[in-house]
Amino acid sequence: MKKFLSLLLVLVMVFALAACGNSDSGDAGAEGTVNYDDINDTMESGDGTYEIAFVTDVGQLRDGSFNQYTWNGVKAYAYENDLSYKYYQPANGNQATDADRYNAMKEAAEGGAKIVVAAGFLQEKALKQAAEAYPDVHFVFIDGSIEGVDNIASVVYKEEQAGYLAGYAAAMEGFEKIGFSGGGGGANPACIRYGYGFVQGVEAGAAEKGTDVEMRYSWEYGSNFSASQDLQAMLSGWYGAGTEVVFMCGGSMFQSGTAAAGANDAYVIGVDVDQSGQSDTVITSAMKDLAGSTMDVLKADYDGKWADFGGKITTFGAAEDRVGIPTDTWKLENWTVDDYNALFEKVKSGEIEISNEEVADPSTLTWEHITFVK
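Now for a description of the structure that goes with this document.

Conventions adopted
Residues numbered from 1 in each chain as written. Predicted model: local features only at pLDDT ≥ 70, side-chain atom pairs only at ≥ 80, totals over all residues. Heavy atoms only, no water. Helix = DSSP H or I, 4+ residues; strand = E, 2+ residues; numbered from the N terminus. Rg over C-alpha atoms; globule rule 2.2 N^0.38 Å. Buried < 20%, exposed > 50% of the residue type's maximum accessible area, 1.4 Å probe, protein only. Contact = heavy atoms within 4.5 Å. Areas by Shrake-Rupley, 256 points an atom, 1.4 Å probe, with all protein chains shown as cover. 1 Å grid on protein atoms, 1.4 Å probe; cavity = no way out; pocket = protein on both sides within 12 Å on 5 of 7 lines; lining within 4 Å. Points joined across faces, edges and corners; volume = space filled by probe spheres on them. Nonpolar A, V, L, I, M, F, W, Y, C, P; charged D, E, K, R; others polar. Axes fitted to C-alpha atoms, helices over the stretch in contact; angles between N-to-C directions. Parallel < 35°, antiparallel > 145°, perpendicular 65-115°, else oblique. Left-handed = near helix turned anticlockwise from the far one by under 90°.

**Focus: the overall build of the chain**
Step number 1: Summing up its helical and strand segments, the chain has 10 helices and 15 strands in all.
Step number 2: Taken against the 2.2 N^0.38 rule, which gives 21 Å for 374 residues, the C-alpha radius of gyration of the chain at 20 Å falls within 12% of a compact globule.
Step number 3: Considered along the principal axes of its C-alpha atoms, the chain spans approximately 60 × 40 × 35 Å.
Step number 4: Put simply, the chain has 374 residues, and 57% of those count as buried.
Step number 5: Restricting the contact set of the chain to residue pairs at least 6 apart, pairs at least 24 apart contribute 66%.
Step number 6: If you sum the accessible surface of the chain, you get close to 15000 Å²; carbon and sulfur atoms cover 43% of it.

Structural data, given as structure tokens:
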């Protein structure tokens, strides 16, 4: 088994329930392994009911990001255990309301679901309503926090660790003009943790390398996590002023980042999943293993251990091999995989401590090797 199994699972879309035999061959049904893309997104159950359900966040099922990778975990677990499964997309797409999300959960519960997985913090209000309406159904809240409701298991991540690893890598690669463009307008906790962790990693990497870094850091044009001409123009200005790489931390904002980077022969760092397949400008990504952690909770439930997660907020990080950066697809040339693995082990063991404080504006703090510029 390779040292960082969870990232390989995300990277090559390979599910290994026994945590061994990793392969990117795409041979569905091979002993212990299955390629996510070889599992149909739709299936027909014999009695018309579906035992495991997934309710999407904003966007489409195959968004190359949060929906798709959470869904991979749902359908892989169901496939490996011969369980029926179905996904539900709330009405009105990106304009979905809490009522739309609740109606999708209601449809899932009344369609036979014993477990409903919902991705994204926007699901919170609908999940609380659905959990009360359907007390015998277990709900799994990926990337959201609801505590004290027995039939809801919440999963969040140590984004600060993934951000730190990506920031450290950028500094060790030799980038000295680095940017961060975040979503949620500086109010989204996950994005804040990513960003603050990223700055901590850049600082540590620059100190190790003996360099100084100029950083641009902004929440502008990211309040709704969407791509826009305004955002692209701002980032083009950054690149034009010498910025070499920008951590794009905000869903579809990624498209604005890659467009600006592509036009300026520059780079971006992806977020949440390995986004290297979406643009040649991606040099690496700060990732959380959405599929693996989804399967962790599903497996616990079917093993009769729902109490391990139900009613609680569980935080996954490096210690559980559920955050990191992908080494097989990165474009780093000046920092080795062995060096990364050594750093990861220090984060995993706690030897390197990374602050998870919600610092939305790191420029207000003192840094030895980073100078913030507009």
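**With respect to the layout of surface pockets**
Step number 1: If you add up the space inside the largest pocket, you get close to 770 Å³.
Step number 2: As for the largest pocket, its lining consists of 32 residues, and the residues nearest its centre are Asp57, Val58, Phe225, Gly251 and Ser252.
Step number 3: Mapped by element, the contributors of at least two residues to the lining of the largest pocket are α6 (189–209), α8 (253–263) and β11 (267–272).
Step number 4: When residues in the lining of the largest pocket are grouped by element, the largest group, three residues, is from α6.
Step number 5: Per-class residue counts for the lining of the largest pocket are 11 nonpolar, 16 polar and five charged.

**Concerning the packing of helix α3 (residues 98–110) against helix α4 (residues 124–133)**
Step number 1: The interhelical angle for the contact between α3 and α4, taken along N-to-C directions, is 40°, at an axis separation of 8 Å. Considering their axes alone, α3 and α4 lie oblique with respect to each other. You can see that α3 and α4 cross each other, and the crossing is right-handed. Across the interface between the two elements, Asp98, Arg101, Tyr102 and Met105 of α3 pack against Lys125, Ala126, Leu127, Gln129, Ala130 and Ala133 of α4.
Step number 2: Here the residues of the contact of α3 with α4 sort into six nonpolar, one polar and three charged.

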